[in-house]
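So you can see what is in the structure, the chains are spelled out below.
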Amino acid sequence: MKNSLLMLLLLLGLSGLVFGQTAPKGIDGTWNGTLDAGGQKLRLAVVLTKSDAGSYAGKFESLDQGATIPIDAVTVEGDNARFEVKSAGIVFEGTLNKEGTELAGKFNQGGQVIPITFTRSEQKAAAAPAPPKPKPDYSA
């Protein structure tokens, strides 16, 4: 009887761990979004990491342009986030939804303000394939 009771308590405890797990609510991780800049759509990934001290670091990856831009400042207050890249004049300000799956806000660069929603991802989206290399001309 005692062993059965211990086994039952163990199973209940384990099931609580499994069913109690939810997606992380913080902003650290990889986020994918598409920036609609004047008819041109650019896929962006934002990769954010959180240090043991609680500060954040990150980078923007322009998947279609093959560029990576380090984020100078990441500020998080509650569900609000702000990313700043001083060299490129980029500021993103957004809000994390209650489920922790979307970060919606405004991307500001050079006076243009563009709405964008980033979606949490396990991995960043694949980069655009490289253009094909021209074949050498052996006819000469």
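Everything below is about the structure printed above this text.
Worth saying up front: this structure is predicted, and the values here are computed from it rather than measured. (Residues numbered from 1 in each chain as written. Predicted model: local features only at pLDDT ≥ 70, side-chain atom pairs only at ≥ 80, totals over all residues. Heavy atoms only, no water.)

Visitor: Can you break down the pairing of strand 7 (residues 90–96) residue by residue, with the values?
Guide: For strand 7, the buried fraction is high: five of the seven residues fall into the buried class. Across six bridges, the pairing between strand 6 (residues 80–85) and strand 7 is antiparallel. Counterpart to Phe83 in the pairing with strand 7 is Phe92. Hairpin connection of strand 6 to strand 7: four residues between the antiparallel strands, including Gly89 at a positive phi of 65 degrees. Pairing geometry for strand 7 and strand 8 (residues 102–109), over seven bridges, is antiparallel. The residue of strand 8 that forms the bridge with Val91 is Asn108. (Buried < 20%, exposed > 50% of the residue type's maximum accessible area, 1.4 Å probe, protein only. Helix = DSSP H or I, 4+ residues; strand = E, 2+ residues; numbered from the N terminus. Pairing = 2+ DSSP bridges.)

Visitor: Got a sec to walk through the packing of aromatic side chains? Specific residues and values, please.
Guide: According to the stated counting rule, one finds four aromatic pairs in the structure shown. A centroid spacing of 6.3 Å and a plane angle of 70 degrees characterise the contact between Phe60 and Phe83, whose relative ring orientation is edge-to-face. Pair noted here: Phe60 is in strand 3 (residues 56–62) and Phe83 is in strand 6, with a separation of 23 residues, a long-range link. Take Phe60 and Phe83: they sit in the same class, and that class is buried. Aromatic side chains Phe92 and Phe118 sit 5.4 Å apart centroid to centroid with 80 degrees between the ring planes, which places their arrangement in the edge-to-face category. Residue Phe92 is found in strand 7, and its partner Phe118 is found in strand 9 (residues 112–121); the two are separated by 26 residues along the sequence. What links up through ring pairs into an aromatic cluster is the set Phe60, Phe83, Phe92, Phe107 and Phe118. (Phe/Tyr/Trp six-rings, centres within 6.5 Å; stacked < 30°, edge-to-face > 60°.)

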